[in-house]
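# Reading the structure
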Amino acid sequence: MRIARFSIDGNVAFGAVEGEGPDSLVLDIIKGIPFADFELSGTKVPLDKVRLLPPVLPNKVVGVGRNYAEHAAELGNEVPETPLTFFKPSTSVVGTGDPVAYPSFSQDVQYEAELAVVIGRMCREVPRERAKDVVLGYTCANDITARDVQKREKQWARAKGFDNSCPLGPWIETELDPADLTIQCTVNGEQRQLGRTSEMVRSVEDLIVHISEAMTLLPGDVILTGTPAGVGPLSVGDEVAVHIEGIGTLTNKVIKRG
């Protein structure tokens, strides 16, 4: 099931995305929230009549750095012995179609296409064999990074956590095997990244185990699983799109920060 969060006539709701063509997609409005038992209302609205929002508003976004060996190498880094984790705040999250404001403190903002894991229930110290049980589904993410700031500052909080730096969307796909999916990033229609999730150094299960050893994960929390090689700069006016096989496409335009 594809679950979207959207607004219509000033109201916010979740809905199940139905249909297969961009012109035929509709939302069947969900009674309740997707993190508990819910029913489909049978009330359907065309997708082009609503505004898609970030599919979740996470309490926390946990990013994982250097989880693709070729990406680590292209920036002159080694693959870490244990997962390299960082946070992106809730204020960094935007949805598909939302603008990404170029931060005034950076001159080198870069895209990073990633598979995002959406947690479905509260969990802690998850054993590997139960890791998939705590996942609601998967969505596309763009871990937008101020690369010059990341290199200059020892902590990545500003480089990774500025406003609009975590686009998520367009929806959550709940029935998906994340083991070997194509990840693609385009800028103004030109392909910049192309990789597969099978190239990840550590799997989704490994990351859930590692992160939940340290902290409680809450429904709606998001884990970013790392980016393939091919990262590069964005400029004001660029349209950047992340496409993941079996999920869909997340698209954002870069604007000047007001």
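Residues numbered from 1 in each chain as written. Predicted model: local features only at pLDDT ≥ 70, side-chain atom pairs only at ≥ 80, totals over all residues. Heavy atoms only, no water.

Quick look at unusual backbone geometry now. The residue after Gly169, namely Pro170, is reached through a cis peptide bond having omega 5°. Along the chain, Pro170 falls in strand 14 (residues 166–173). One non-glycine residue, Asn164, lies in the positive phi region at around 70°. Structurally, Asn164 can be placed in the loop between helix 3 (157–161) and strand 14. Among the residues examined, Asn164 registers a relative accessible area of 18% and is labelled buried. The backbone phi angle of Asn188 is positive, close to 55°, even though this residue is not glycine. Among the structural elements, Asn188 can be located in the loop between strand 15 (182–187) and strand 16 (190–196). Of the residues examined, Asn188 reaches a relative accessible area of 48% and is grouped as partly exposed. (Helix = DSSP H or I, 4+ residues; strand = E, 2+ residues; numbered from the N terminus. Buried < 20%, exposed > 50% of the residue type's maximum accessible area, 1.4 Å probe, protein only.)

Taken as a whole and judged by the stated rule, the model has two aromatic pairs. Centre to centre, the rings of Phe105 and Phe162 are 6.1 Å apart; their planes meet at 80°, and the pair counts as edge-to-face. Within this pair, whereas Phe105 is found in the loop between strand 9 (99–102) and strand 10 (109–111), its partner Phe162 is found in the loop between helix 3 and strand 14, the two being separated by 57 residues in sequence. Residue classification places Phe105 among the partly exposed positions, given a relative accessible area of 22%. The ring of Trp171 carries the charged tip of Arg2 above its face, separated from the ring centre by 5.7 Å. Over the ring of Phe105 we find Arg158, and its NZ or CZ is 4.7 Å from the ring centre. (Phe/Tyr/Trp six-rings, centres within 6.5 Å; stacked < 30°, edge-to-face > 60°. Lys NZ or Arg CZ within 6 Å of the ring centre and 35° of its normal.)

Those residues of helix 4 (residues 204–214) not exposed but buried are Val204, Glu205, Leu207, Ile208, Val209, Ile211 and Ser212. Looking at the packing, one finds that the buried side of helix 4 touches strand 6 (61–65), strand 7 (84–88), strand 11 (113–119), strand 12 (135–142) and strand 17 (222–224). (Contact = heavy atoms within 4.5 Å.)

Reading across from one edge, 9-20-19-15-16 is the order of the five strands in this open sheet, with mixed pairing throughout. With one partner strand each, in any of the chains shown, strand 9 and strand 16 form the two edges of the open sheet. Neighbour to neighbour, the strand axes of the sheet diverge by 20° on average, direction disregarded. (Pairing = 2+ DSSP bridges. Axes fitted to C-alpha atoms, helices over the stretch in contact; angles between N-to-C directions.)

Strand order across the open sheet formed by three strands is 13-10-18, with antiparallel pairing between neighbours. Only two strands of the sheet have a single neighbouring strand rather than two, namely strand 13 (145–146) and strand 18 (232–233). Pairing of strand 10 with strand 13 involves two bridges; the strand directions are antiparallel. Residue pairing for strand 13: Gln110 is matched across the bridge by Thr145.

Okay, the pattern of salt bridges next. Using the criterion set out here, one finds 16 salt bridges in the structure. Its salt-bridge partner being Asp143, residue Lys88 comes within 2.6 Å of it at the nearest N-O pair. In this pair, Lys88 is assigned in strand 7 and Asp143 in the loop between strand 12 and strand 13, connecting sequence segments 55 residues apart. Between Lys160 and Glu112 there is a salt bridge, and its shortest N-O distance comes to 3.4 Å. Of this pair, Lys160 sits in helix 3 while Glu112 sits in the loop between strand 10 and strand 11; the two residues are 48 residues apart in sequence, bridging distant segments of the chain. Among the ionic contacts, a cluster of salt bridges with common partners joins Lys88, Glu112, Asp143, Arg147 and Lys160. (Salt bridge = Lys/Arg side-chain N within 4 Å of Asp/Glu carboxyl O.)

Moving on: the pairing of strand 16. Bridging between strand 15 and strand 16 involves six bridges; their strand directions are antiparallel. Paired with Cys185 across the strands is Gln193, a residue of strand 16. Hairpin geometry of strand 15 and strand 16 is characterised by an intervening segment of two residues between the two adjacent antiparallel strands and by a positive phi of about 55° at Asn188.

It is worth spelling out the side chain of Arg147 at this point. Inspection of the secondary structure puts Arg147 in helix 2 (residues 147–152). At a separation of 2.8 Å, a polar atom in the side chain of Arg147 contacts the side chain of Gln150. Ignoring anything within four residues of it in the chain, the contact list for Arg147 reads His71, Leu75, Asp108, Gln110, Glu112 and Val231. (Polar contact = N/O pair within 3.5 Å; in protein donor to acceptor, adjacent residues only side chain to side chain.)

So, about the environment of Pro89. Looking at the element boundaries, Pro89 is found in the loop between strand 7 and strand 8 (93–94). As for Pro89 and Arg51, which are separated by 38 residues in sequence, their C-alpha atoms are 23 Å apart.

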